[in-house]
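Read off the chains here:
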Amino acid sequence: MKQGFDDVMEKVQKCGRKTVAVSVAQDSAVLEAVKEAKARGIADAILVGDEEKIREVAASIDMDLSGYEIIHEPDMIAASLKAVKLAHDGKADMYMKGLIDTKDFLKSVLDKEVGLRTGKPLSHVCVFEIPGIDRLLFLTDVAFMTYPTLEDKVNIIKNTIPVCNACGVDMPKIAPLAAVEVVNPKMPATVEAAELSKMCEEGQIPGCIIDGPLSLDLAIDPEAAKHKGATDRKIQGDADVLLFPDIHAGNLVYKAIVHMVKMRNGCILTGTKVPVILTSRSDTFETKVNSIALAAVVAEELKKNS
């Protein structure tokens, strides 16, 4: 049975209703997504920013603000710190970027006093529903870590497992990707992929199955796995998680899917105390709503495990 974002939305309805704190909320695209998330029962929102501008933008998109808490703070940096503190203090279950530069938004996430640090490195997970693939695909890291070391890749995997669990994948199959599926000492990505598989087998990375190195076709296409005689592999075209060797590989695959395929997706930043919604200006309205829903189910999962 095909799994997709409708299943994620169903899971949201079974969670306790969540609240998202929005940093510098006077942004029409973000307010539209927040309005839709509230209408669909995904999450309520606390809007932090310039109240006059928030009301102006809300009026332009016909958004009734009577059911929202608004915290007036015209200074963007101060607004981001007030918004992140709500998540830090447990008054919000997730934290979302509004009309603020990404670097300033991330500074608030990493703030030592009121931020969302857990001591783990941060990484990005993007979840895709793609026609022809019978399950959700989790891509990591396509936007945050540039050249992850072996240790970073272990942390990326550990950050991604709860996202998979939250979406109903109990024992995710993780494919550390490379251009080839055999170890080649001249290709460091293949060496590290094999090392990750070994670490998983030895119990150092629990809660998942890791099989690498794998080429992309062997990771996602059972027919390719069959034709290439990969019948002895733990993953035979049925990977849940695609772990990329660096940001170039990840970002290129991510953008190829987004711009060439009719798909649905949602993305969050992980390794934080609560899920962080860091959508791009070019992300569609639906992607922003999906990202809030994804953050809601992950927030529930993190609460369960805390």
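Residues numbered from 1 in each chain as written. Predicted model: local features only at pLDDT ≥ 70, side-chain atom pairs only at ≥ 80, totals over all residues. Heavy atoms only, no water.

Examining the overall build of the protein
Stated precisely, the cut-off is as follows: In DSSP terms, a helix is any run of H or I states spanning at least four residues, a strand is any run of E spanning at least two, and both are numbered starting from the N terminus. Between the two quantities, the radius of gyration covers C-alpha atoms and the globule rule is 2.2 Å times the number of residues to the power 0.38. Throughout, exposure labels follow a simple rule: accessible area from a 1.4 Å probe, protein chains only, divided by the maximum for the residue type, with under 20% read as buried, over 50% as exposed, and the rest as partly exposed. We call two residues in contact when some of their heavy atoms are within 4.5 Å. For accessible areas, the Shrake-Rupley method is used with a probe of radius 1.4 Å. Any residue's cover is judged against the shown protein chains and nothing else. We count Lys and Arg on the positive side and Asp and Glu on the negative side, and we leave His and both chain ends out. Just so you know, the charge point we use is NZ for Lys, CZ for Arg, CG for Asp and CD for Glu.
Counting its regular elements, the protein contains eleven helices and eleven strands. The C-alpha atoms of the protein give 20 Å as radius of gyration, which agrees with the globular expectation for 306 residues (19 Å, within 12%). In terms of principal-axis extent, the alpha carbons of the protein reach across some 65 × 40 × 35 Å. Classification of the 306 residues of the protein by burial places 54% in the buried group. When contacts within the protein are restricted to residue pairs at least 6 apart in sequence, those whose partners lie at least 24 apart make up 71%. Summed over its atoms, the accessible surface of the protein is roughly 13,500 Å², and 54% of this surface lies on carbon and sulfur atoms. Each charge sign in the protein was given a centre, from 37 positive and 45 negative side chains, and these centres are 1 Å apart.

Observations regarding the packing of aromatic side chains
Threshold: Stacked, edge-to-face and tilted are the three classes for Phe, Tyr and Trp ring pairs, Trp counted by its six-membered ring, which pair at centre distances within 6.5 Å; planes under 30 degrees apart are stacked, over 60 edge-to-face, the rest tilted. Placement of a charge over a ring requires the Lys NZ or Arg CZ to be within 6 Å of the ring centre, with the centre-to-atom vector within 35 degrees of the ring normal.
In total, this model carries two aromatic pairs according to the counting rule given. Aromatic pair Tyr95 and Phe105: ring centres 4.7 Å apart, planes at 20°, arrangement stacked. A residue pair is termed long-range when its members are at least 10 positions apart, and Tyr95 in strand 4 (residues 94–97) and Phe105 in helix 5 (residues 102–109) qualify at ten residues. You'll find Tyr95 and Phe105 in the same group, each marked buried. Summarising the aromatic geometry, the rings of Phe128 and Tyr254 are spaced 5.8 Å apart at their centres and angled 55° between planes, so their arrangement reads as tilted. Residue Phe128 is found in strand 5 (residues 123–129), and its partner Tyr254 is found in helix 10 (residues 247–260); the two are separated by 126 residues along the sequence. Like Tyr254, Phe128 is buried. The ring centre of Tyr68 lies 5.0 Å from the NZ or CZ of Lys38, which sits over that ring.

Details of the domain arrangement of the protein
Spelled out, the test is: Domain start and end points were adopted from an automatic or database domain assignment. Buried surface area refers to the total accessible area, computed with a probe of radius 1.4 Å, that the two partners give up upon joining, counted for both partners together.
Segmentation of the protein into domains returns domain 1 (5–117 + 272–305) and domain 2 (123–260). If you average the C-alpha positions of domain 1 and of domain 2, the two centres end up 29 Å apart. If you look at the interface, domain 1 gives eleven residues, while domain 2 gives eleven residues. Carbon and sulfur atoms make up 72% of the surface buried where domain 1 meets domain 2, a total of about 960 Å² over both sides.

Considering the UniProt feature "domain: Phosphate acetyl/butaryl transferase" (unreviewed entry) in the protein
Condition: UniProt positions are given in the numbering used here, feature names are shortened, and annotations may be inferred rather than shown by experiment.
Under the local residue numbering, the UniProt record ascribes the feature "domain: Phosphate acetyl/butaryl transferase" (unreviewed entry) to residues 7–72 and 79–296. Taken end to end, residues 79–296 has its terminal C-alpha atoms 22 Å apart, with 39% of it in helix and 15% in strand.

Remarks on the pairing of strand 2 (residues 43–49)
How we decide: The path from the first strand over the helix to the second decides the hand: if it runs clockwise while the strands point away from the viewer, the crossover is right-handed.
When you tally the buried positions in strand 2, you get six out of seven residues, the bulk of the element. Between strand 1 (residues 18–23) and its parallel partner strand 2, the chain crosses via helix 2 (residues 28–39), and the hand of that crossover is right-handed. Note on the crossover from strand 2 through helix 3 (residues 51–60) to strand 3 (residues 69–72): the handedness is right-handed.

Quick notes on unusual backbone geometry
Of the consecutive residues Thr140 and Asp141, the connecting peptide bond is found in the cis state with omega at -10°. Mapping Asp141 onto the fold places it in the loop between strand 6 (137–140) and helix 6 (150–166). Residues Gly212 and Pro213 are joined by a peptide bond in cis, for which omega reads 0°. Mapped onto the secondary structure, Pro213 falls in the loop between strand 8 (209–210) and helix 8 (216–220).

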